[in-house]
Amino acid sequence: MSSRTDHSEATVVWRGKMQVLLYLVSVFGLFGQYRLTPLPHPDDELVLPTKPAQNDLSLATKYLEQFYSFKADPMGRRRRSRPSFSSKLKDMQSFFGLNRTGTLNPETLAVIRTPRCGVSDVEDYSHRRGNRWKRNLITYGVGRYTSHLPVNTVDSLIASALDVWAKASPLSFLRSYSHQADIMVEFFRNDHGDSFPFDGPEGTLAHAYGPGEGIGGDVHFDEAEAWTAGPKGFNLYIVAAHEFGHALGLKHSQNPESVMYPTYKQRKTHNLLSSEDIVNINTLYGPRNKSPSPSLRFNWNNPSNPWYSGSFFPVSLKEICNPDLTFDAVTTVGEALFFFRDKYLWIKHNNQNDIKEGPISNFMPNIDRQIDAAYWVPQRATAYLFNGTIFWTVKGSQVKGRARNIKSFGFPSWVQQIDAAVHIHRTAHTLFFTQHLYWRYNEHFKSMNDSSPRNISEDFPGINGPISAAIYKDGSLHFFVGSDVYKYDIKQKEIIGAEKTTSWFGC
Ligand SMILES: [Zn+2]
Ligand SMILES: [Zn+2]
């Protein structure tokens with residue numbers, strides 16, 4: 001199952017992708033305007049008997065060619081029809097909020113020397129309006145890894161960088177090991193087959209292709225950079241979050257607070273997106289939490305103890321059969337299945353397609369928030385419902401006591417949200433999933449397992465966080481990832497089935 005061993009398959013796929021790329025180059029002129037000739041090797045510049053000013057000029061010329069669609073005349077003359085160096089330099093100065101002098105002053109040179117993304121700042125999106133992924137579940141894979149960081153670290157930084165966008169949009173990202181994922185992540189040095197060679201340390205750090213088939217959506221990182229997971233060198237998480245923005249269809253921002261700002265800067269790694277980034281991703285894909293349509297919020301006639309009342313309400317299955325349907329949390333409760341989304345709850349009794357539904361507060365009046373994760377311990381006939389760092393204990397349809405902090409399970413304070421939880425009664429363990437990690441809690445001893453947290457992808461091959469919801473049913477784990485559900489055999493450690501969430505409602 002290694003993603004890096006099947007070279008023959010990778011080569012075939014790569015060739016296929018290159019054909020698509022060449023086609024795209026001819027038709028669209030590519031996602032960004034890239035440098036078509038490699039920069040001189042840095043050492044060459046040191047030995048050239050040229051004045052520093054000429055080096056600056058040639059550096060600036062290449063910069064404007066790569067990022068501002070400047071076309072220098074090869075003979076040094078300028079054709080009247082082409083914008084001059086000076087006017088392109090003014091464009092660049094405006095983009096970065098500098099004085100529009102049109103001359104190479106020290107402030108302008110400082111920006112030009114700042115390491116940055118390889119995608120153009122002036123990509124004209126008018127001809128590619130609507131260029132977005134047409135579905136909300138997007139697959140990704142890592143082809144070639146970097147030698148600067150352990151494989152596990154790269155996996156978790158990539159997953160976290162995608163999660164930045166998932167949290168702000170209706171998108172979900174699913175790890176794929178096929179080399180044919182929508183977004184393929186690769187680390188390359190210099191020339192790497194796509195006509196846009198990397199340039200050694202600093203300069204261009206990475207580039208990405210907008211949504212589309214083949215190379216579309218792919219992200220390449222310059223292996224020559226000192227990639228790190230922390231504040232030194234270039235933080236892979238920060239650069240990856242930026243490049244994934246391109247892979248989803250976003251262009252560069254002039255706002256230095258935006259993650260889509262083209263030059264590299266150290267940022268606080270929590271709340272990476274600016275409000276502008278969130279508006280832009282929502283413009284393409286809509287907001288994260290679509291409330292259930294008003295038609296679903298019909299009058300709930302008898303909210304008193306409806307869990308086992310046996311009174312089923314006729315429900316239009318239209319909304320529940322939406323193939324993009326995702327849930328915040330799912331749990332078994334006795335013979336029933338509870339599906340949570342936003343502040344809404346659907347209850348399905350085993351082997352029946354009758355569904356009861358309504359606002360969560362109709363069933364549990366004390367709970368007025370969305371549920372991120374939920375699990376059920378049959379021996380105690382008790383459900384545990386999580387929102388952020390707090391949880392409720394629910395018995396029957398009664399909420400017992402006040403909401404408590406998840407620290408009582410032994411979570412460190414940096415865990416701010418549980419994505420999914422599932423209790424496996426055979427082992428008396430509860431698994432908690434947070435982004436790419438999972439935690440094992442012993443319900444019998446009421447203690448967190450010492451080895452927690454561990455990587456989800458390591459112990460559940462084929463499954464990658466973030467996980468929307470998880471349940472244990474008929475001896476198997478069922479992972480809800482976006483609108484897909486994976487049936488997982490714990491003993492064989494493999495996925496043994498996949499279906500859409502809608503199939504749980506008989507759609
Ligand atoms: Zn960029
Ligand atoms: Zn590339």
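These notes cover the structure that comes with them. (Residues numbered from 1 in each chain as written. Chains lettered and ligands numbered in written order. Predicted model: local features only at pLDDT ≥ 70, side-chain atom pairs only at ≥ 80, totals over all residues. Heavy atoms only, no water.)

**Concerning the pairing of strand β25 (residues 494-500)**
- Looking at chain direction, strand β24 (residues 484-489) and β25 are connected through six bridges and run antiparallel. Pairing of Y488 across the sheet is with I495, part of β25.
- Adjacent in sequence and paired antiparallel, β24 and β25 are bridged by four residues, among which K493 carries a positive phi angle near 55°. (Pairing = 2+ DSSP bridges. Helix = DSSP H or I, 4+ residues; strand = E, 2+ residues; numbered from the N terminus.)

**Focus: the coordination of the zinc ion (ligand 1)**
- Around the zinc ion (ligand 1), the protein contributes the donor atoms C117 (SG), H242 (NE2), H246 (NE2) and H252 (NE2), at 2.0 to 2.2 Å from the metal centre.
- For the zinc ion (ligand 1), the four donor atoms in the first shell make angles of 99 to 115° at the metal, a pattern classed as tetrahedral.
- Of note, the zinc ion (ligand 1) draws all its donor residues from one chain, in the sequence arrangement C-x124-H-x3-H-x5-H. Here the two residues H246 and H252 agree in accessibility, since each one is buried. (Donors = N, O, S within 2.8 Å, 3.2 Å for Na, K, Ca; no water. Tetrahedral: all angles 85-135°; square planar, octahedral: opposite > 155°, others 65-115°. Buried < 20%, exposed > 50% of the residue type's maximum accessible area, 1.4 Å probe, protein only.)

**Notes on the packing of aromatic side chains**
- Applying the stated criterion to the full structure yields 38 aromatic pairs.
- Plain terms: the ring middles of F221 and W227 are 5.4 Å apart, the flat faces sit at 85° to each other, and that makes the pair edge-to-face.
- By relative accessible area, F221 is classed as buried at 0%.
- Of the residues examined, W227 reaches a relative accessible area of 3% and is grouped as buried.
- Taking 5.7 Å as the distance between ring centres and 45° as the angle between the ring planes, the aromatic pair formed by F386 and F409 counts as tilted. Here F386, found in strand β14 (residues 382-387), pairs with F409, found in the loop between β16 (398-405) and β17 (420-424); they are 23 residues apart in sequence, far enough to count as distant.
- Taking relative accessible area as the criterion, F386 reaches 0% and is therefore assigned buried.
- You can call F409 buried: its relative accessible area is 6%.
- The rings of Y375, Y384, F386, F391, F409, F411, W414, F432, W439 and Y441 are connected pair by pair, giving a single aromatic cluster. (Phe/Tyr/Trp six-rings, centres within 6.5 Å; stacked < 30°, edge-to-face > 60°.)

**Notes on unusual backbone geometry**
- With omega at -5°, the peptide bond leading from S452 into P453 counts as cis.
- The topology assignment puts P453 in the loop between β20 (447-448) and β21 (454-455).
- A positive phi angle is found at S195, which is not glycine, with a value near 70°.
- Counting through the fold element by element, S195 comes out in the loop between β4 (183-188) and β5 (204-208).

**Things to note about empty space enclosed by the protein**
- Counted under the stated rule, the structure contains three cavities of 30 Å³ or more.
- In this structure, the largest cavity spans a volume of roughly 100 Å³.
- In terms of lining residues, the largest cavity is bounded by 14 residues, among which H242, Y261, P262, T263 and Y264 are the most central.
- For the lining of the largest cavity, the secondary structure elements donating two or more residues are β1 (116-117) and α7 (236-247).
- No other element matches the four residues that α7 contributes to the lining of the largest cavity.
- Looking at side-chain class alone, the lining of the largest cavity contains eight nonpolar, two polar and four charged residues. (1 Å grid on protein atoms, 1.4 Å probe; cavity = no way out; pocket = protein on both sides within 12 Å on 5 of 7 lines; lining within 4 Å. Points joined across faces, edges and corners; volume = space filled by probe spheres on them. Nonpolar A, V, L, I, M, F, W, Y, C, P; charged D, E, K, R; others polar.)

**Some thoughts on the side chain of S169**
- Residue placement: S169 occurs in the loop between α6 (151-166) and β3 (172-175).
- The class for S169 is buried, based on a relative accessible area of 1%.
- Side-chain polar atoms of S169 contact the backbone oxygen of W165, separated by 2.7 Å.
- Among the polar contacts made by the side chain of S169, one reaches the main-chain amide nitrogen of L171 at a distance of 3.1 Å.
- Aside from chain neighbours lying at most four places away, what touches S169 is I281, N282, G286, P287 and R288. (Polar contact = N/O pair within 3.5 Å; in protein donor to acceptor, adjacent residues only side chain to side chain. Contact = heavy atoms within 4.5 Å.)

**Section: the sheet that holds β14**
- If you trace the four strands from one edge of the open sheet to the other, you get β13-β14-β15-β16, paired in antiparallel fashion. Because the sheet does not close on itself, it has two edges, and the strands there are β13 (373-377) and β16. Across the sheet, the axes of successive neighbouring strands diverge by a mean angle of 20°, strand direction being ignored.
- Note: β13 against β14, five bridges, orientation antiparallel. Each bridged residue has a counterpart across the sheet, and for A374 the counterpart in β14 is L385. (Axes fitted to C-alpha atoms, helices over the stretch in contact; angles between N-to-C directions.)

**Considering the sheet that holds β25**
- Spatially, four strands are ordered β22-β23-β24-β25 in an open sheet, and the strand pairing comes out antiparallel. What marks the edges here is a single partner per strand, and that holds for β22 (469-473) and β25. The average angle at which neighbouring strand axes cross in this sheet is 25°, direction not considered.
- Here five bridges tie β22 to strand β23 (residues 476-481), and the two strands are oriented antiparallel to one another. When the sheet's bridge partners are listed, I471 is paired in β23 with H478.

**Quick look at the coordination of the zinc ion (ligand 2)**
- Only H192 (NE2), D194 (OD), H207 (NE2) and H220 (ND1) from the protein reach the zinc ion (ligand 2) as donors, at distances of 1.9 to 2.0 Å.
- Bound by four donor atoms, the zinc ion (ligand 2) shows angles of 96 to 115° at the metal and therefore tetrahedral coordination geometry.

**Here we look at α6**
- With 16 residues, α6 extends 22 Å between its outermost C-alpha atoms, agreeing within 8% with the 22 Å of an ideal straight helix rising 1.5 Å per residue.
- Buried residues dominate α6, accounting for 13 of its 16 residues. (Expected span 1.5 Å × (residues − 1).)

**Some details on the pairing of strand β10 (residues 336-341)**
- Counted residue by residue, β10 has six buried out of six residues, so it is predominantly covered.
- Burial along β10 is two-sided: the residues A336, F338 and F340 and L337, F339 and R341 are all buried.
- As judged from the five bridges shared by strand β9 (residues 329-333) and β10, these two strands associate in the antiparallel manner. If you follow V330 over to β10, its bridge partner there is F339.
- Note that β10 and strand β11 (residues 344-349) share six bridges and pair antiparallel. Within β11, the residue paired with F338 across the bridge is I347.
- Between β10 and β11, which pair antiparallel in sequence order, lie two residues; one of them, D342, sits at a positive phi of approximately 50°.

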